[in-house]
Amino acid sequence: MDFIVEAVIKAVKDLYQTDIAAKDVNLQETRKEFEGQVTIVTFPYTKVSRKGPEQTGAEIGEHLKNYLPQIAAFNVVKGFLNLSVTDAYWLNELHTNILTDDFAIAKANGHRVMVEYSSPNTNKPLHLGHIRNNLLGFSLAEILAAAGYDVIKANLVNDRGIHICKSMVAWREFGQGETPQSSGLKGDHLAGKYYVWFDKAYKQQIQELIEQGQAEDEAKKNAPLMKEAQQMLVQWENNDPEVIDLWKTMNGWVYEGFDVTYKTLGVSFDKYYYESNTYLLGKDIVEEGLVKGVFFKKEDGSVWIDLTEDGLDQKLVLRADGTSVYITQDLGTAQLKYDDYQMDESIYVVGNEQDYHFKVLFLILQKLGKSWAQGLYHLSYGMVDLPSGKMKSREGTVVDADDLMADMFDTAKKQTEEMGKVDGFSEEDKTKLYHTIGMGALKYFLLKVDPKKRLLFDPNESVDFQGHTGPFIQYTHARIKSVLSRAAYTPESSTNNVAELDGIERDLIVGLTKFPVIIAEAATNHSPAVIANYVYELAKTYNKFYHEKSILQAEEERLKQFRLQLSAASAKVISRGMALLGIAVPERM
RNA sequence: GGUCCCAUAGCUCAGCUGGAUAGAGCAACUGAUUUCUAAUCAGUAGGUCUCAGGUUCGAAUCCUGAUGGGAUCACCA
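Residues numbered from 1 in each chain as written. Chains lettered and ligands numbered in written order. Predicted model: local features only at pLDDT ≥ 70, side-chain atom pairs only at ≥ 80, totals over all residues. Heavy atoms only, no water.

**So, the overall build of chain A**
How we decide: Numbering of helices and strands starts at the N terminus; helices are DSSP runs of H or I of at least 4 residues and strands are runs of E of at least 2. Three exposure classes are used, based on accessible area relative to the maximum for each residue type with a 1.4 Å probe and protein chains only: buried under 20%, partly exposed in between, and exposed over 50%. Accessible surface is estimated by sampling points in the Shrake-Rupley manner with a 1.4 Å probe; for residues, cover comes only from the protein chains shown. In this charge count, Lys and Arg are treated as positive and Asp and Glu as negative; neither His nor the chain ends contribute. In plain terms, the charge of a residue is placed at NZ if it is Lys, CZ if Arg, CG if Asp and CD if Glu.
Along its length, chain A carries 22 helices and 15 strands. Its C-alpha atoms give chain A principal-axis dimensions of about 90 × 65 × 40 Å. Across the 589 residues that make up chain A, the buried fraction comes to 51%. Counting only carbon and sulfur atoms, one obtains 48% of the accessible surface of chain A, whose full area is about 27,800 Å². When the 65 positive and 83 negative side-chain charges of chain A are each reduced to one mean point, those points stand 3 Å apart.

**Considering the domain arrangement of chain A**
Heads up, the condition is: Where each domain begins and ends follows an automated or database-derived domain assignment.
Looking at chain A, the domain boundaries give domain 1 (2–85), domain 2 (161–268) and domain 3 (401–580). Distance between the C-alpha centres of domain 1 and domain 2: 67 Å.

**Brief notes about the pattern of salt bridges**
Put simply, the rule is: Just to be clear on terms, a salt bridge is a Lys or Arg side-chain nitrogen sitting within 4 Å of an Asp or Glu carboxyl oxygen.
Across all of its chains, the model carries 25 salt bridges by this definition. One salt bridge connects Arg160 with Glu237, and the closest N-O pair in it is separated by 3.5 Å. Here Arg160, found in the loop between β6 (150–157) and α6 (162–174), pairs with Glu237, found in helix α10 (residues 224–237); they are 77 residues apart in sequence, far enough to count as distant. Classification of Glu237 as partly exposed rests on a relative accessible area of 37%. Between Asp199 and Lys203 there is a salt bridge, with the nearest N and O atoms lying 3.2 Å from each other. A residue pair is termed a helical-turn pair when its members lie 3 or 4 positions apart in one helix, as Asp199 and Lys203 do in helix α8 (residues 187–211) at 4 residues.

**Description of the packing of α6 against α8**
Any two packed helices are characterised by how steeply their axes cross, that is the angle between the axes, and by the distance between the axes. The criterion, for reference: Angles run from 0 to 180 degrees between N-to-C directions of axes, and those axes are lines fitted to C-alpha atoms, restricted for helices to the stretch in contact. Reported orientations rely on four angle classes, namely roughly parallel under 35 degrees, roughly antiparallel over 145, roughly perpendicular from 65 to 115, and oblique for the rest. Contact between two residues is taken to exist if any of their heavy atoms lie within 4.5 Å; hydrogens are not considered. Throughout this entry, Asp, Glu, Lys and Arg are counted as charged residues, while Ala, Val, Leu, Ile, Met, Phe, Trp, Tyr, Cys and Pro are counted as nonpolar. The remaining residues, Gly among them, count as polar.
The geometry of α6 relative to α8 is characterised by a closest axis approach of 8 Å and an angle of 85° between their N-to-C directions. Classified by the interaxial angle, the pair formed by α6 and α8 is roughly perpendicular. For the pair α6 and α8, the contacting residues are His163, Lys166, Ser167, Val169, Ala170, Trp171 and Phe174 in the first and Leu190, Ala191, Tyr194, Tyr195, Trp197, Phe198 and Ala201 in the second. Residues of the contact of α6 with α8, tallied by class, amount to 11 nonpolar, 2 polar and 1 charged.

**Description of the environment of Gln565**
Looking at the element boundaries, Gln565 is found in helix α22 (residues 557–580). Note: C-alpha distance between Gln565 and Tyr489 (76 residues apart in sequence) is 8.5 Å.

**Some details on the environment of Tyr434**
Structurally, the position occupied by Tyr434 is in helix α17 (residues 427–447). In the structure, Tyr434 is positioned 22 residues away from Ala412 in sequence and 5.3 Å away in space, judged by C-alpha atoms. Residues within four places of Tyr434 in sequence aside, it is in contact with Phe409, Ala412, Lys413, Thr416, Glu417 and Val422.

**Points about the protein's contact with RNA strand B**
Rule in force here: Any residue with a heavy atom lying within 4 Å of a molecule or strand is counted as near it. Two N or O atoms form a polar contact when they lie within 3.5 Å of each other; inside protein one atom must be a possible hydrogen donor and the other a possible acceptor, and for residues adjacent in sequence the pair counts only when both atoms belong to side chains.
Surrounding RNA strand B, one finds 61 residues, the nearest of these being Phe80, Asp300, Arg319, Tyr475 and Tyr546. In RNA strand B, the atoms that sit within 4 Å of the protein are 63% sugar and phosphate, with bases accounting for the remainder. Contacts to RNA strand B include Lys78, whose side-chain N or O atom sits 3.2 Å from a phosphate oxygen. One nitrogen or oxygen atom from the side chain of Glu275 is found 3.4 Å from a sugar or linking oxygen belonging to RNA strand B.

**Observations concerning the sheet that holds strand β2 (residues 38–41)**
Cut-off, in case you're wondering: Two strands are counted as paired when DSSP detects at least two bridges linking them.
Spatially, β1-β2-β4-β3 is the arrangement adopted by the 4 strands of the open sheet, whose pairing is antiparallel. Since the sheet does not close on itself, it has two edges, and those belong to β1 (27–29) and β3 (71–77), each with one partner. Put simply, the sheet's adjacent strands are angled 30° from each other on average, direction ignored. As paired strands, β1 and β2 are joined by 3 bridges and run antiparallel to one another. Pairing of Glu29 across the sheet is with Val38, part of β2. Contacts between helix α1 (residues 2–16) and the sheet are confined to β1, β2, β3 and β4 (80–85), with β2 contributing the most and set at about 35° to the helix. Those strands touched by helix α3 (residues 53–67) are β2, β3 and β4, and its axis lies near 180° from that of β3.

**Focus: helix α18 (residues 470–486)**
An α-helix turns once per 3.6 residues; consequently, residues spaced three or four apart project the same way. To be explicit about the condition: The span you would expect from a helix comes to 1.5 Å times its residue count less one.
Here α18 is 17 residues long and its end C-alpha atoms lie 25 Å apart, about the 24 Å a rise of 1.5 Å per residue gives. Across the 17 residues that make up α18, a large majority, 12, are buried. For α18, the set of buried residues is Gly470, Pro471, Phe472, Ile473, Gln474, Thr476, His477, Ala478, Arg479, Ile480, Val483 and Leu484. Backbone geometry just after α18 places Ala488 at a positive phi near 50°.

**A look at the packing of aromatic side chains**
Filter applied, for reference: Here a pair means two rings of Phe, Tyr or Trp (six-membered ring of Trp) with centres within 6.5 Å. Their orientation is stacked below 30 degrees between planes, edge-to-face above 60, and tilted elsewhere.
One pass over the full model with this rule turns up 26 aromatic pairs. A centroid spacing of 5.1 Å and a plane angle of 50° characterise the contact between Tyr348 and Phe358, whose relative ring orientation is tilted. One end of the pair, Tyr348, is in strand β11 (residues 345–351); the other, Phe358, is in helix α15 (residues 355–367), with 10 residues separating them in the sequence. On the numbers, 5.8 Å between centres and 50° between planes, the contact of Phe358 with Phe362 is tilted. Separated by 4 residues within a single helix, Phe358 and Phe362 lie in helix α15, roughly one turn from each other. Residue class for Phe362 comes out buried when judged on its relative accessible area of 11%. An aromatic cluster of at least three residues, connected via ring pairs, comprises Tyr117, Tyr255, Phe258, Tyr262, Phe269, Tyr272 and Tyr274.

**Comments concerning the environment of Gln415**
Position of Gln415 among the secondary structure elements: in helix α16 (residues 401–418). Given a relative accessible area of 26%, Gln415 falls into the partly exposed group. In this structure the C-alpha to C-alpha distance between Gln415 and Glu216, which are 199 residues apart in sequence, comes to 52 Å.

What follows is the structure, given as structure tokens:
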């Protein structure tokens, strides 16, 4: 639509002798109730035209119609100039753009971006909140790749620390040698089980100590289990062979479990970072900051940065004993990532509870003069809430990722069987289909809302399969594929053979042409929801077309061919759009 | 208490850097299948865009304040 923008600029110059910038041309889609496809808001030009909005619109419209062969007609309603673009233009778009293999595949833009997501703790299994994180991260990586970026998907695994030791201590105390093999329990769930055990037993010990007369704070510190965990952490840092061995074993179980979950979710990573390798990083950056005078040292030896001028607080970056805090490692890890990949942008997919942390982190790196700091971005997404409130691992109010995915599979199976849609499917095909639909419903449900917003999930209400859902879009795709296969349609058979379009056909082409713009928008906004809502709109438009127009029984052969082309193009965009969300679409359902 | 985020139909959400009479889905009601998949389509009903000011040709959108909800303010991560 750039040609229209340029023509408007020229029109304003010719008519009113004024130069305007491209961004001052406000193009929008024409509303359904008016004639045309593209609308220009003419209010802003009334100042230079010194005429009313209607007259200004009429003059610009006349000018455009004279200069642009693609403009068939125009009409003016108040300050809105509605343009009807010729059918020849839309048909040309379909054949020379939409139907080509490289449609909506952006050329490499020469920019490299890292998307860090997932970043689990290895002491418990993944839950619904992690699912949102993983889906957002994976989808965003796909979108950025489609927009022309060179993308690295990174996972920073939190595999060390006191919480990991808690699971280990509990297992050593109560585990009696349980392994995933011996109990049949998935490795990450096994670790999680002992993490919960630790917490239970620990609370009991605290209670006992309080009953013996200790203050609560005191009791929390003195509980034998906590002492044991802390001692284990020291041993771990000292490379105690037995502890390291146990740590490796249990983490190994957890990774096996995570691999299964990741596989079912359909996410993947190009690069793993482990905190056990990075937790000591950052100390040299602290040193650098002291030399540059960005940080200062207090009498006790602790190192701080004063961010009060930026509206934030003073922040500790190194403890008095010289050990790292969270932000120390993150400073070091940020440098490590940059040294590894020299990316232009680095995106952290992390919940909005850490907004403050990332604000501070990025600000510090800027103050340290890191040239790459401006490319850092925190994709801050909202928490997933249950009707009962926030999920809490230790209180068992979490929606487990594996359970949820299994439920989705079962629901998909039940619904599909009820509709009797799987006659002639092999068992293998059925399993694959139920997985595709179940995950499609779940993924779409989570990705269709703006990442920034918090999300309400009711485990008692199953995720819908009708209406604004993943299965609706998947169904539309399957339906198209069914028609195409009945017609034995092949892409080679496509040549232009109609001259004019009907309303719904034109709407469909207009919708298809938007795909590349939508991808770019999703990329700049870091929002898979943009894609999700677009694909839904497109599927709706197609379904309307499907009902209004007969394809296989079209009045004429050339019309049939054209509608098949339009269908094939729709299937392609739906499929690609869903792929950007990490959602597969079935050939039949 | 300081800082940050959020508030649109009964419910879940769209609404791009300000533009036409604020849109979908679910739930409710009505209709469509001798014809390409009815997980679909067409229609009815449902709104003080939390409230009060301000900016201007024009505000759900931008600014200020209030109210309600959430997060965060650890020598935890």
